[in-house]
Amino acid sequence: MYFALLGSALLAGCLLAVQASANLQLTKAVGTPYGASTLQLGLAAAVLAVLAVATGTIGAVALVPDVEPWHLLGGLASPLYITSGILLFPRLGALAAVGLFVTGQMFASVVLDLFGLFGLHQKPLSAGIVIGAVAVLAGITVIARPKTRHVGWIGLGVVAGAVLPVQGAINARLRADLHAPIAVALISFAVATLAIAVVLLFNRTPSPALAPLRDMPWWGWLGGGCAAAYVTATFLLIPEIGAATTVVLTVTGQQLASALIDHRGLFRMPRRPFTSGRVTGLSLLVAGSLLVQFG
């Protein structure tokens, strides 16, 4: 059973790479990344609402008025992360984009642990964490070096990755309030959907086109399901196998899946075959992630 849980964490990480690739097709269909993000997040919220009803935990939503308002803000990270994936994958490639996300995740998680932010247990700095952080930085430098002219996009990728651990820490506080992981995920995605819908409403972009959705590949709808599965899996896995193991395996799954998508040109992505530099960078990212979490 333990190995099945480990495999589930790895698969959950792979789903994040699939999510971003699928969302590109949704964006092409509706004509705007904000419209695609709104549809994807709304679909994820609907899936989680069905799960909450099926598991009998939907009643926990009624406790929302009694929780601290900032405990409800974890969902704000999702629109930034999802929209960033839509924007970065075609520009930088799956491996480079996910590498930037991972770099942001690793450094944000270190800061959260070192300072004990958002109620987390404070952890001391160790040699393993320092070496791991250097390895992550070296890995993303090797992978993203050809993209240095895209400095703004690189910064966006790091920030988008950094908000995920913050989201997890805030949602952990909400979970302590509600004691219902699926209800917490539902609230998180409901907040995310509302936030991106407001952006879509006030942003000067074309209105989403719904008619082309009929011609979109069926897997273009997978983004919402992947997002819901990832959030739910992390809530359920952390108490069983630990936060560090969950983060390492999901991050590793992200990187391996993105490398495969790039190499094979899956989901209609441009093919970017493996090179010695990309393999070296990927290896450094994986090794650095392990050291940061277990160092």
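Since the model is a prediction, treat every value here as computed from it, not as a measurement.

Trainee: Sorry if this is basic, but what is going on with the overall build of the protein here?
Mentor: For the protein, the count of helices and strands is ten helices and zero strands. Going from the N terminus to the C terminus, the protein shows its helices and strands as α-α-α-α-α-α-α-α-α-α. Its C-alpha atoms give the protein a radius of gyration of 18 Å, near enough to 19 Å, the size a compact globule of 295 residues would have. The dimensions of the protein, computed from C-alpha atoms along their principal axes, are 50 × 50 × 40 Å. Here the protein holds 295 residues, and 52% of them are scored as buried. Residue pairs at least 24 apart in sequence account for 83% of intrachain contacts in the protein once pairs closer than 6 positions are excluded. Accessible area for the protein stands at about 13,000 Å²; split by element, carbon and sulfur atoms hold 71% of it. Side-chain charges in the protein split into 15 positive and 7 negative, and the spacing between the mean points of these groups amounts to 21 Å.

Trainee: Just to check I follow, could you spell out helix 4 (residues 94-115) for this structure?
Mentor: In an α-helix, one turn spans 3.6 residues; hence positions three or four apart end up facing the same way. Taking 1.5 Å per residue as the helical rise, helix 4 with its 22 residues ought to reach 32 Å, and the 32 Å between its terminal C-alpha atoms agrees with that figure. Where helix 4 terminates, the next one or two residues include G116, which has phi positive at roughly 60°.

Trainee: Looking at this structure, I do not really get the packing of helix 6 (residues 151-178) against helix 7 (residues 181-202). What am I missing?
Mentor: For the pair helix 6 and helix 7, the least separation of the axes is 9 Å and the interaxial angle reads 130°. With respect to helix 7, the axis of helix 6 lies oblique. Here the hand of the crossing between helix 6 and helix 7 comes out right-handed. Along the contact surface, helix 6 presents Q167, N171, L174, R175 and L178, while helix 7 presents P181, V184, I187 and S188.

Trainee: In this structure, what is going on with the nonpolar core? I would like to understand it.
Mentor: The nonpolar side chains of a soluble globular protein tend to be buried with one another. Counting residues in hydrophobic clusters, the biggest one holds 66 residues, and the most contacted among them are F89, F101 and F189. Per element, the largest residue contribution to this core is eleven residues, and it comes from helix 1 (residues 2-30). Setting aside anything within four residues of it in sequence, one finds F101 in contact with Y81, S84, G85, L88, F89, G157, A160, G161 and Q254. L178, A180, A183 and V184 belong to the second-largest nonpolar core, a separate cluster that totals eight residues.

Trainee: Teacher, can you tell me more about the side chain of Q167 here?
Mentor: Note that Q167 resides in helix 6. Of note is the side chain of Q167, whose polar atom sits 3.1 Å from the backbone oxygen of G74. Look past the residues within four positions of Q167 in its chain and what remains in contact with it is G74, G75, A77, S78 and S188.

Trainee: Teacher, can you tell me more about the packing of helix 2 (residues 33-54) against helix 7 here?
Mentor: What describes two packed helices is the angle between their axes and the distance between those same axes. Two numbers describe how helix 2 lies on helix 7: the axes approach to 8 Å, and their chain directions differ by 155°. Judged on the interaxial angle alone, helix 7 and helix 2 are roughly antiparallel. The chirality of how helix 2 crosses helix 7 is left-handed. Residues Y34, G35, S37, T38, L41, G42, A44, A45, L48, A49, L51 and A52 of helix 2 form the contact with helix 7, whose own contacting residues are I182, A185, L186, F189, A190, A192, T193, I196, A197, V199 and L200.

Parameters and conventions
- Residues numbered from 1 in each chain as written.
- Predicted model: local features only at pLDDT ≥ 70, side-chain atom pairs only at ≥ 80, totals over all residues.
- Heavy atoms only, no water.
- Helix = DSSP H or I, 4+ residues; strand = E, 2+ residues; numbered from the N terminus.
- Rg over C-alpha atoms; globule rule 2.2 N^0.38 Å.
- Buried < 20%, exposed > 50% of the residue type's maximum accessible area, 1.4 Å probe, protein only.
- Contact = heavy atoms within 4.5 Å.
- Areas by Shrake-Rupley, 256 points an atom, 1.4 Å probe, with all protein chains shown as cover.
- Lys, Arg positive; Asp, Glu negative; His and termini not counted.
- Charge placed at Lys NZ, Arg CZ, Asp CG, Glu CD.
- Expected span 1.5 Å × (residues − 1).
- Axes fitted to C-alpha atoms, helices over the stretch in contact; angles between N-to-C directions.
- Parallel < 35°, antiparallel > 145°, perpendicular 65-115°, else oblique.
- Left-handed = near helix turned anticlockwise from the far one by under 90°.
- Core = buried A, V, L, I, M, F, W, Y, C linked by side-chain atoms within 4.5 Å.
- Polar contact = N/O pair within 3.5 Å; in protein donor to acceptor, adjacent residues only side chain to side chain.

Don't take any of this as a statement about function, it's just geometry.
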